[in-house]
Amino acid sequence: MLLYIHVPFCRAKCRYCAFESMPVGCPDSRLPRSIEEKYISGVMAEMRRMADFLEHPKIQTVFFGGGTPSLLSPEGIASVLNQAHRCFAMEDKAEITLEANPESLGRANRAADFIAAGINRVSLGVQSLSNADLRCMGRIHTAEQACKTLDILQKIGCPHVNADFIWGLPGQTPDNWLKMLKTAVNLPLDHLSAYGLSVEAGTPFASDDSVLGALPEEEALEAMFCEGADLLNACGLKQYEISNYARAGGQCLHNLGYWHGEAYLGLGPGAVSCHMWGKNMVRRKNTPDFALWLESTERGMCCGEQDSLNSEICAEECLMLRLRLTEGLDIAEYTQKTGYDFWKQHRETVCMAEKNGLLHIEEHHIRLTLRGMLLSDSLFELFFENLSRTAKESV
């Protein structure tokens, strides 16, 4: 099982962000002690309850996500990890990731203290090496701070380092995106995530005409994605998922677990879990309201939503998650996991997609091309329509 711990706090909300997070405005990049103590107490109570409920499963990876988990103190992280070792059967040398922002990790002693607490992988929210882009996004670090933080992580011997970047920003061109990547590949990291900007409803970006009017055209977006992937692959950062690239041994094991359909436990406000409950696969989402979540954990209760996943939903997720990976979908595995005949359901869609250069058909696999990855959302919709039709026909 994968363990995800959601830390919902951040210094300030970025203009593109639609994640479950709450700005606390801490000026020194550290969470106020009173908030941290309440949060950690709640996570520990929830962890004890869920570990008992799930009968103390083996944990393969731990991921502190957010928000900005690096606002927590190293001591707070250490106490949560110590609790995890008491509550679960932790795998030897488990990958333990901390998401961080440069401004909250840019001091050597603080970064080293996180490594001493048990962190062995840092995912740094760089997003851009252009200060103009960073200001547009509402980021509160500079490109110089990001590079300095990556240097610090290398000097203190952090085993694995990822840097997040965003492409498709307002005013961005393929040329300046590729120029940025040429700089990024020489930074001390073994993993790079490159996410296409998604303008989500309710964010400041979505209501800013100056942003919407400056978004790159479709042709430019395709060039950024495809030429960017070619550049990263050529420089030794091999694509293994639509948005993720790694040097040998640098893949994110936690995220690979999601894409391979592993069960996961999410702790913290807004966290999501997916695991077996009796004979059914269930997905639970904690309330994102910090006060409600804290009250429920103190009372030993859940506060949120829960759904059972039927065979159609499980098949949708198997298709979508496996096809995000460059290794593609193993057709025999799909049949084994879902009970569906893949070719009976999807032959027409697959043949159309192959004809249009969106996927490759191999002996036992199908996998998306780069262009297919770029258009994957539309392709997944066609697969889901096929599944829905099959479900209706079987009623």
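The structure we're discussing is the one just above.
Here the residue numbering is sequential within each chain, running from 1 through the sequence in written order. Residue-level local features of this predicted model are given only where pLDDT is at least 70; pairs of side-chain atoms are given and counted only at 80 or more, and the full residue set underlies all totals for whole chains, interfaces and linings. For side-chain calculations, the full set of non-hydrogen atoms in the structure is used, while hydrogens and water are omitted.

Moving on, we come to the layout of surface pockets. In this analysis a 1.4 Å probe is tested at points of a 1 Å grid over the protein atoms alone, and where it fits but cannot get out there is a cavity; an open set with protein on both sides within 12 Å along at least five of seven lines is a pocket; lining residues have an atom within 4 Å of a point. Grid points are joined across faces, edges and corners, and a volume is the space filled by probe spheres set on the points. Of the voids in this model, the second largest pocket is the one considered here, and its volume is about 600 Å³. Contributing to the lining of the second largest pocket are 23 residues, with Trp 167, Gly 196, Leu 197, Leu 374 and Asp 377 lying nearest its centre. Working definition: helices are DSSP H or I runs of at least four residues, strands are E runs of at least two. Numbering for both runs from the N terminus. Of all elements in the fold, only strand S8 (191-196), helix H9 (218-234), helix H15 (370-374) and helix H16 (376-393) reach the threshold of two or more residues within the lining of the second largest pocket. Here the lining of the second largest pocket gets four residues from one element, more than from any other, and that element is H9. Under the convention adopted here, Pro, Cys and the residues Ala, Val, Leu, Ile, Met, Phe, Trp and Tyr are nonpolar, Asp, Glu, Lys and Arg are charged, and Gly plus all remaining residues are polar. When its residues are assigned to classes, the lining of the second largest pocket shows twelve nonpolar, six polar and five charged.

Turning our attention to the pairing of strand S1 (residues 2-7). Taking burial as the measure, the six residues of S1 include six buried ones, the bulk of the element. In this scheme, a residue with accessible area under 20% of its type's maximum is buried, one over 50% is exposed, and one in between is partly exposed, where area comes from a 1.4 Å probe on protein chains only. Burial of the side chains of S1 extends over both faces: Leu 2, Tyr 4 and His 6 are buried on one face and Leu 3, Ile 5 and Val 7 on the other. Judged from the four bridges that link them, S1 and strand S11 (residues 264-267) form a sheet pairing that is parallel. Among the inter-strand pairings, Leu 2 is bridged to a residue of S11, identified as Tyr 264. For two strands to count as paired, DSSP must find a minimum of two bridges between them. Bridge analysis of S1 against strand S4 (residues 58-66) gives six bridges, and the strand direction is parallel. If you follow His 6 over to S4, its bridge partner there is Gly 65.

This next bit is on helix H4 (residues 108-117). Regarding H4, the residues found buried are Arg 110, Ala 111, Phe 114 and Ala 117. Angular distribution of buried residues about the axis of H4 spans 120°; they occupy a single face of the element. In this structure, H4 carries Asn 109 and Ala 116 as exposed residues pointing more than 90 degrees from its buried face. On the buried face of H4, the contacting elements are helix H2 (74-87), strand S5 (89-100), helix H3 (102-105) and helix H6 (143-155). At the exit of H4 stands Gly 118, carrying a positive phi of roughly 125°. Think of it as the arc spanned by the lines of direction from the helix axis to the C-beta atoms. Residue contacts are defined here by distance: any two heavy atoms, one from each residue, within 4.5 Å place the two residues in contact.

Further remarks concern the sheet that holds strand S16 (residues 359-361). Read across the open sheet, the three strands follow the order S15-S17-S16; overall the sheet is antiparallel. Because the sheet does not close on itself, it has two edges, and the strands there are strand S15 (329-330) and S16. Inspection of the sheet shows S15 paired to strand S17 (residues 365-368) by two bridges, in the antiparallel sense. Bridge pairing links Asp 330 to His 365 in S17.

Moving on, we come to empty space enclosed by the protein. As enumerated under the stated definition, the model contains two cavities of 30 Å³ or more in all. Approximately 50 Å³ is the volume found for the largest cavity. Surrounding the largest cavity, Trp 167, Trp 177, Leu 181, Ala 194, Met 224, Phe 225, Gly 228, Ala 229, Leu 232, Ile 242 and Tyr 245 form its lining. For the lining of the largest cavity, the secondary-structure elements that each account for two or more residues are helix H7 (174-184) and H9.

On to the side chain of Thr 297. With respect to the helices and strands, the residue Thr 297 is situated in helix H11 (residues 290-298). Note on Thr 297: relative accessible area 4%, which makes it buried. Beyond its immediate sequence surroundings of up to four residues, Thr 297 is in contact with Gly 42, Ala 45 and Glu 46.

Here is the rule: rings of Phe, Tyr and Trp (six-membered ring for Trp) pair when centre to centre is within 6.5 Å. Planes less than 30 degrees apart are stacked, more than 60 are edge-to-face, and the remainder are tilted. Overall, the coordinates contain 13 aromatic pairs when judged by the stated rule. Residues Phe 9 and Phe 290 carry aromatic rings whose centres are separated by 5.4 Å and whose planes lie at 80° to one another, so their mutual orientation is edge-to-face. Of this pair, Phe 9 sits in strand S2 (residues 9-10) while Phe 290 sits in helix H11, and the two are 281 residues apart along the sequence. In terms of burial, Phe 9 and Phe 290 fall into one category: buried. Pairwise contacts between aromatic rings join Phe 9, Tyr 39, Phe 290 and Trp 293 into one cluster.

Next up on the list: the pattern of salt bridges. Salt bridges are defined as contacts in which a side-chain nitrogen from Lys or Arg sits within 4 Å of a carboxyl oxygen from Asp or Glu. In the structure shown here, the tally under the stated rule is seven salt bridges. Between Glu 241 and Arg 324 there is a salt bridge; the shortest N-O distance is 2.5 Å. Residue Glu 241 is found in strand S9 (residues 238-241), and its partner Arg 324 is found in helix H12 (residues 311-324); the two are separated by 83 residues along the sequence. We classify Glu 241 as buried; its relative accessible area is 1%. A salt bridge links Arg 367 to Glu 362, with the shortest nitrogen-to-oxygen separation between them at 2.7 Å.

Bringing the environment of Ala 201 into the picture now. Within the secondary structure, Ala 201 sits in the loop between S8 and helix H8 (209-212). Residue class for Ala 201 comes out exposed when judged on its relative accessible area of 76%. Sequence-wise, Ala 201 and Tyr 16 are 185 residues apart; in three dimensions their C-alpha atoms are separated by 9.5 Å.

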